[in-house]
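# Summary of structural features
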Amino acid sequence: MNFKKLLKRLRFNFTTAEYMRVAYLSPRKVVMVTTRLKDKDNVLPIDWHMPVSFEPKLYAVCLERNNHSAKTIRLTGEFVVNFVGAELEDKILLCGRSSGKDIDKFDLSDLGRQAASQVKAAILTEASGYLECKVIEVREWGDHTVFVGKVLREELLKGQTPELYHVTKF
Ligand SMILES: Cc1cc2nc3c(=O)[nH]c(=O)nc-3n(C[C@H](O)[C@H](O)[C@H](O)COP(=O)(O)O)c2cc1C
């Protein structure tokens, strides 16, 4: 790790640790967000996400400003939110510790995929349900970007909600 990165990490640890410890007292459900850039599919786990309106149906995802998925969504305006179960923990962590900028995460994780119908992105075949979203608003907040997507299609693929994967500490 170079000096600049080390300083950034130390600053993050000192100023953010307590805030995140408190914020994560409420466990967060992890979903997988899929995107596509120039025919290349990508996927990342996030736990910062939420519905924000019934009518119209709007769903917000919050991505670290510089990750590959945020850059992709800024360019394409499209993403899919895939709800996955805790049995995918290993694949979730693999996809959360690597960047689609450098590798093909579908090759890496062996996740299954099929094409979405309303947006250009993959749907995970392992998902219990998904939301196909078209971005209607982008807001930069601090070091993250919030993308609000209009839900163009939602589908429940499995009859019952699986045990979702939760993050309980940062
Ligand atoms: C359990 C878990 C939850 C995560 N939650 C978020 C999140 O809410 N927002 C975010 O931007 N990154 C989150 N990450 C980190 C990204 O998944 C990670 O930076 C990923 O490598 C980015 O991939 P990309 O560069 O292909 O977009 C999370 C990672 C894990 C393992």
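A brief structural summary. (Residues numbered from 1 in each chain as written. Predicted model: local features only at pLDDT ≥ 70, side-chain atom pairs only at ≥ 80, totals over all residues. Heavy atoms only, no water.)

Quick look at the site of the ligand now. Among the 21 residues in the neighbourhood of the ligand, the closest are listed as D47, E64, S69, S98 and G100. One of the backbone N or O atoms of S98 is found 2.6 Å from an oxygen atom in the ligand. Within the contact set of the ligand, an oxygen atom lies 2.7 Å away from a side-chain nitrogen or oxygen of S99. Look at the ligand: alone it shows 650 Å² of surface, and the protein chains cover 83% of it. If you tally residues by element for the shell around the ligand, the top one is strand β3 (residues 40-46), at four residues. (Near = heavy atom within 4 Å. Polar contact = N/O pair within 3.5 Å; in protein donor to acceptor, adjacent residues only side chain to side chain. Areas by Shrake-Rupley, 256 points an atom, 1.4 Å probe, with all protein chains shown as cover. Helix = DSSP H or I, 4+ residues; strand = E, 2+ residues; numbered from the N terminus.)

What follows covers helix α2 (residues 68-76). Three or more residues of α2 are buried, namely H68, S69, A70, T72 and I73. Structurally, α2 contributes buried residues whose contacts are with β2 (31-37), β3, β5 (58-64), β6 (78-83), β9 (129-141) and β10 (144-156). Note on α2: the residue one or two positions beyond its end, G77, has a positive phi of about 70 degrees. (Buried < 20%, exposed > 50% of the residue type's maximum accessible area, 1.4 Å probe, protein only. Contact = heavy atoms within 4.5 Å.)

Within soluble globular proteins, side chains that are nonpolar generally end up buried alongside one another. Core analysis: the biggest nonpolar cluster contains 16 residues, and V33, V61, F79, V81 and F147 have the highest contact counts within it. At the level of secondary structure, the elements contributing two or more residues to this core comprise β2, β3, β5, α2, β6, β9 and β10. (Core = buried A, V, L, I, M, F, W, Y, C linked by side-chain atoms within 4.5 Å.)

This part is about the side chain of T34. Following the sequence through the fold, T34 ends up in strand β2. One polar contact links T34 to N82, side chain to side chain, over a distance of 3.0 Å. There is a polar contact of 2.6 Å between the side chain of T34 and the backbone oxygen of A122. With residues near it in sequence (within four places) discarded, T34 still touches N42, V43, F79, V80, N82, F106, A121, A122 and L124.

Bringing the packing of aromatic side chains into the picture now. The full count for this structure, using the stated rule, is one aromatic pair. Geometrically, the ring pair formed by Y59 and F83 is edge-to-face, given 6.3 Å between the ring centres and 90 degrees between the ring planes. With a gap of 24 residues between them, Y59 in strand β5 and F83 in strand β6 connect regions that are remote in the sequence. Relative accessible area serves as the criterion here: at 7%, Y59 is assigned to the buried category. Residue class for F83 comes out partly exposed when judged on its relative accessible area of 22%. The aromatic ring of F106 is capped on one face by R113, whose charged end is 4.4 Å from the ring centroid. (Phe/Tyr/Trp six-rings, centres within 6.5 Å; stacked < 30°, edge-to-face > 60°. Lys NZ or Arg CZ within 6 Å of the ring centre and 35° of its normal.)

Next up on the list: the sheet that holds β5. Taken in spatial order, the seven strands make up an open sheet running β3-β2-β6-β9-β10-β5-β4, and their pairing is antiparallel. What marks the edges here is a single partner per strand, and that holds for β3 and β4 (49-53). In this sheet, neighbouring strand axes are inclined to one another by 35 degrees on average, regardless of whether the strands run parallel or antiparallel. Strands in contact with helix α3 (residues 89-96) are β2 and β3; relative to β3, the strand with the most contacts, it is inclined by about 110 degrees. (Pairing = 2+ DSSP bridges. Axes fitted to C-alpha atoms, helices over the stretch in contact; angles between N-to-C directions.)

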